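Fold and geometry: a report
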Amino acid sequence: MSRQAESPFAPRLAPYAASAANSRGRRHPEPPPAYRTEYQRDRDRIVHSAAFRRLEYKTQVFVNHEGDMYRTRLTHSLEVAQIGRSIARVLGLNEDLTESIALAHDLGHTPFGHAGQDALNRCMRDYGGFEHNLQSLRVVDELEERYAEFSGLNLTYETREGILKHCSPRTAAELGELGARFLQGRQPSLEAQLANLADEIAYNNHDVDDGLRAGLVHIDQLREIELFREQYEAVCQAYPRLNHRRVIHEVVRRMINRQVTDLVETSRRRLEEAAPRDIEAVRAAPAPLIGFSEEMDAMNRELKRFLRRALYRHYRVQRMSAKAERIVSALFEAFLDEPLLLPPEYQDKARAQEARSGIAGRARVVADYVAGMTDRFAIGEYERLFDPSQVT
Ligand code: MG
């Protein structure tokens, strides 16, 4: 990206925000967009990608067919973008970049949420492992096939940096410039730090809401949790006759507001103290500058511990997870043993990768295929491969 004046469409930014003028650019240089900022272009490419559409049918916690009211990866990503954008604007950060990171952050997620990712990681143990946020990067760097000039979406460095939240030292070394910060203890942009915490705010709160809706967690249990109790008591006192569903919405809304407010105030204070001159000073800082207060961190940890214990390990969620792991593992093994079961374009890719890097190459293509599946497509493939009554 050339060092050009910021587009007239760009909002006013703080000096430490990411901008087209201080971007490290795209892997394949392209002329600047005519009517959008560079990061709006990233966001639009993400929205038009096949992987983004498939998020609609991928599990967050509840499998898609369990009910139409629950969050999916798509609605989760939209909530992350909404929370991220609001905070970005208040702090003078780049709203477009925050949004593009938020919308892309789960693109590499397997079907069936964490159960699917754990299963695929086990399957890939001998072939380099599988990690969903690395896979999100793979999706935008290589797997999307939409443009004449390049594979992937050719996103800016800053969006790609934001997608890669964590990675092992071995992978970091292979990733070059993008992985260097994990080895050097450097920070990503403020927008990346923000998108990461917006993710946390979104899932903690919507999992409370979905968990209550599903009847897997109860108000009485949540009243033991400070973040919930604080708002629940305030709402019941102010609106003693409000119906149950509206009480929950009002409480969750206030919980989000409480966390957002804390994040804005704490981050603003830290930014004032550190006064980073520009994005490079942000990257060189010893610790992230976007964050919660210690008090809110402690309350968040309490809520997370509760959700892990009461919701994610609930026997009904566990049953679904166990089934999901069996489906993902069975599909992986079947395709790895017999690549002729793959659709022809994946057979070609598997052959090409195997010629380059042996069985690990074949396994990577199988993992790409399985990871790209939606929940219902994975169930369909499982039935087509293993259900004797379906001879198709
Ligand atoms: Mg997420």
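The notes below deal with the structure included here. (Residues numbered from 1 in each chain as written. Predicted model: local features only at pLDDT ≥ 70, side-chain atom pairs only at ≥ 80, totals over all residues. Heavy atoms only, no water.)

Moving on, we get to the layout of surface pockets. Quantified by volume, the largest pocket comes out at close to 840 Å³. Surrounding the largest pocket, 35 residues form its lining, Gln-60, Arg-73, Gly-113, His-114 and Tyr-312 being those nearest its centre. Of all the elements in the fold, those that place two or more residues in the lining of the largest pocket are α3 (73–91), α5 (113–123), α10 (190–214), α15 (294–312) and α16 (315–337). Grouping the constituent residues of the lining of the largest pocket by class yields 9 nonpolar, 14 polar and 12 charged. Its boundaries defined by the atoms lining it, the second largest pocket holds a volume of some 600 Å³. When contributions to the lining of the second largest pocket are tallied by element, the ones reaching two or more residues are α6 (132–143), α8 (169–174) and α17 (344–372). The leading source of residues in the lining of the second largest pocket is α6, at 6 residues. Here the lining of the second largest pocket is composed, by residue class, of 7 nonpolar, 6 polar and 9 charged. (1 Å grid on protein atoms, 1.4 Å probe; cavity = no way out; pocket = protein on both sides within 12 Å on 5 of 7 lines; lining within 4 Å. Points joined across faces, edges and corners; volume = space filled by probe spheres on them. Helix = DSSP H or I, 4+ residues; strand = E, 2+ residues; numbered from the N terminus. Nonpolar A, V, L, I, M, F, W, Y, C, P; charged D, E, K, R; others polar.)

Attention shifts here to the coordination of the magnesium ion. Tetrahedral coordination by four donors sets the ideal angle at the metal to 109.5 degrees; octahedral coordination by six donors sets it to 90 or 180 degrees. Only His-76 (NE2), His-105 (NE2) and Asp-199 (OD) from the protein reach the magnesium ion as donors, at distances of 2.1 to 2.4 Å. Read in sequence order, the donor residues for the magnesium ion give the motif H-x28-H-x93-D. Taken together, the positions of His-105 in the loop between α4 (95–104) and α5 and Asp-199 in helix α10 put the pair 94 residues apart, joining distant regions of the chain. With relative accessibility at 4%, the residue His-105 sits in the buried group. Judged by its relative accessible area of 7%, Asp-199 is buried. (Donors = N, O, S within 2.8 Å, 3.2 Å for Na, K, Ca; no water. Buried < 20%, exposed > 50% of the residue type's maximum accessible area, 1.4 Å probe, protein only.)

What follows is about empty space enclosed by the protein. Taken as a whole and assessed by the stated rule, the structure comprises 1 cavity of 30 Å³ or more. Ile-101, Ala-102, His-105, Gly-162, Ile-163, Lys-165, Ala-192, Ala-195, Asn-196 and Asp-199 together form the lining of the largest cavity. Of all the elements in the fold, those that place two or more residues in the lining of the largest cavity are α4, α7 (157–163) and α10. Here the lining of the largest cavity takes 4 residues from α10, the largest share from any one element. Each residue belonging to the lining of the largest cavity can be placed in one class, and the counts come to 5 nonpolar, 3 polar and 2 charged.

Moving on, we come to the nonpolar core. Counting 72 residues, the largest nonpolar core has Leu-93, Leu-107, Val-208, Phe-228 and Ile-290 as the members making the most contacts within it. Excluding anything up to four places from it in sequence, Leu-93 contacts Leu-13, Tyr-16, Ala-17, Ala-88, Leu-190, Glu-191, Leu-194 and Ile-290. Residues Met-124, Val-328, Leu-331 and Leu-336 belong to the second largest nonpolar core, which totals 26 residues. (Core = buried A, V, L, I, M, F, W, Y, C linked by side-chain atoms within 4.5 Å. Contact = heavy atoms within 4.5 Å.)

Attention now moves to the environment of Gln-390. With respect to the element layout, Gln-390 can be found in the segment after α18 (375–386). In this structure Gln-390 comes out as partly exposed when scored by relative accessible area, which is 28%. Contact partners of Gln-390, with chain neighbours within four places excluded, come to Glu-383 and Arg-384.

Inspection of every chain in the model, using the stated rule, returns 5 aromatic pairs. Taken together, a centroid distance of 5.6 Å and an interplanar angle of 20° make the contact between Phe-228 and Tyr-232 stacked. Of this pair, Phe-228 and Tyr-232 both sit in helix α12 (residues 226–238), 4 residues apart, which is roughly one turn of the helix. Take Phe-228: its relative accessible area is 0%, and that puts it in the buried class. Looking at Tyr-232, the relative accessible area reads 15%, which means it is buried. Arranged with centres 4.6 Å apart and planes meeting at 50°, the rings of Tyr-346 and Tyr-369 form a pair that is tilted. Considered together, Tyr-346 and Tyr-369 belong to a single accessibility category, that of buried residues. Taken together through their ring pairs, the aromatic side chains of Phe-335, Tyr-346 and Tyr-369 make up a single cluster. Directly above the ring of Tyr-57 sits Arg-376, whose terminal nitrogen or CZ lies 3.7 Å from the centroid. (Phe/Tyr/Trp six-rings, centres within 6.5 Å; stacked < 30°, edge-to-face > 60°. Lys NZ or Arg CZ within 6 Å of the ring centre and 35° of its normal.)

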